[in-house]
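Each chain is listed here by its residues.
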Amino acid sequence: MVRHFLRDDDLNPSEQSAVLDLADTFAADRFHARPLEGPRAVAVIFDKPSTRTRVSFSVGIAELGGYPLVIDSSTTQMGRGESVEDTTRVLERMVSALVWRTFDQSAVEAMAGVSTVPVVNALTDDFHPCQLLADLQAVRQHKGGLAGLVVTYLGDAANNLAHSFLLAGATAGMHVRIAGPDGHLPRADIVADAEQIATRTGGSVVVTTSAQKAVEGADVLATDTWVSMGQEEQTAHRQRLFGDYCIDAAAMSRADPAAVVLHCLPAYRGKEIAAEVLDGPQSIVWDEAENRLHAQKALLTWLLAPGQA
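None of the values given here were measured: they were computed from a predicted structure. (Residues numbered from 1 in each chain as written. Predicted model: local features only at pLDDT ≥ 70, side-chain atom pairs only at ≥ 80, totals over all residues. Heavy atoms only, no water.)

Evaluation of the coordinates by the stated rule reveals 15 salt bridges. Where Arg7 meets Asp193, a salt bridge forms, and the shortest distance between an N and an O atom there is 2.8 Å. Pair noted here: Arg7 is in the segment before α1 (13-28) and Asp193 is in helix α7 (residues 188-201), with a separation of 186 residues, a long-range link. The residue Lys297 makes a salt bridge to Glu63 at a minimum N-O spacing of 2.7 Å. (Salt bridge = Lys/Arg side-chain N within 4 Å of Asp/Glu carboxyl O. Helix = DSSP H or I, 4+ residues; strand = E, 2+ residues; numbered from the N terminus.)

Have a look at this one:
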């Protein structure tokens, strides 16, 4: 049966751990496995601008022995209204997997609904699951494990990264704290899903408007830009709204002294994160960014060639 990766809880705890183990193997040996030897093509479709996703998938697919077919959807018939289902039925006959960075979660779900090859969510408005694999790999590299750690996400708690921290962190058995202002908190159904997962993994979920309570004793602090693509006209308002949720020296002083810091990038120093934190000794942001390559290679290998995982 074909497997897809559309949201973080598409991997159960043992599967998540297996993918992260394989990601560590790829970090140590970038050519550990080449399941796309041939080369076999993987379509990587972009509806949104990208740096890390574009580069990491392109390089990763090539290092797996494949051909990265990078598609700007605006230059295709998708941009002229061809349905997701019709596009998928054509592409699946020519490529070994479909990777899509788009807006609506319903779009990747529609693609997966008809695809006979794996579909990977490279980012939607609801989830950013490939980013979380890289984040969790970075935390494991620096902390030695995940289960039982407290991870705190600060900022726009209604966005895709907050949702993915809930699901991926709970799957890993972490104690997930999400903090943001009223009106910018996670969707209730996603919180409920994370809580249900946590009951099975020994983790926990807390959603709060108090940044100070959320960072108290945390092992991992994470944030994201306050102004996502398409929100530029709200910049001044959002900077005022999220000002109390910055990862700065005060936040670090309340966290565990050995806490590490994550940011999915691009980062805006002096806004959601202080320069001295992003560039300081507790930041693991650059390892996190590199891990997009290793984690996505591991994911594609796990989806396409389970025997090599």
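For the structure shown, the criterion picks out two aromatic pairs. Ring geometry for Tyr153 versus Phe165: centroids 5.8 Å apart, planes at 35 degrees, classification tilted. Here Tyr153 is found in strand β5 (residues 150-154), whereas its partner Phe165 is found in helix α6 (residues 160-171), with twelve residues between them in sequence. Relative to Phe242, the ring of Trp226 has its centre 6.1 Å away and its plane inclined at 35 degrees; by these criteria the two rings are tilted. Of this pair, Trp226 sits in the loop between β8 (220-223) and α9 (235-241) while Phe242 sits in the loop between α9 and α10 (249-254), placing them 16 residues apart in sequence. According to the relative accessible area criterion, Trp226 is buried, its value standing at 5%. Its end group placed over the ring of Phe46, Arg54 keeps NZ or CZ at 4.3 Å from the ring centre. (Phe/Tyr/Trp six-rings, centres within 6.5 Å; stacked < 30°, edge-to-face > 60°. Buried < 20%, exposed > 50% of the residue type's maximum accessible area, 1.4 Å probe, protein only. Lys NZ or Arg CZ within 6 Å of the ring centre and 35° of its normal.)

Once that is clear, we can look at the packing of α1 against helix α12 (residues 285-304). Contact geometry of α1 with α12 gives a least axis separation of 8 Å together with a crossing angle of 120 degrees. Considered as vectors, α1 and α12 are oriented oblique to each other. Crossing handedness for the pair α1 and α12: right-handed. Contact residues: Glu15, Val19, Leu22, Ala23, Phe26 and Ala27 in α1; His294, Ala295, Lys297, Ala298, Leu299, Thr301 and Trp302 in α12. In terms of residue class, the contact of α1 with α12 is built from nine nonpolar, two polar and two charged. (Axes fitted to C-alpha atoms, helices over the stretch in contact; angles between N-to-C directions. Parallel < 35°, antiparallel > 145°, perpendicular 65-115°, else oblique. Left-handed = near helix turned anticlockwise from the far one by under 90°. Contact = heavy atoms within 4.5 Å. Nonpolar A, V, L, I, M, F, W, Y, C, P; charged D, E, K, R; others polar.)

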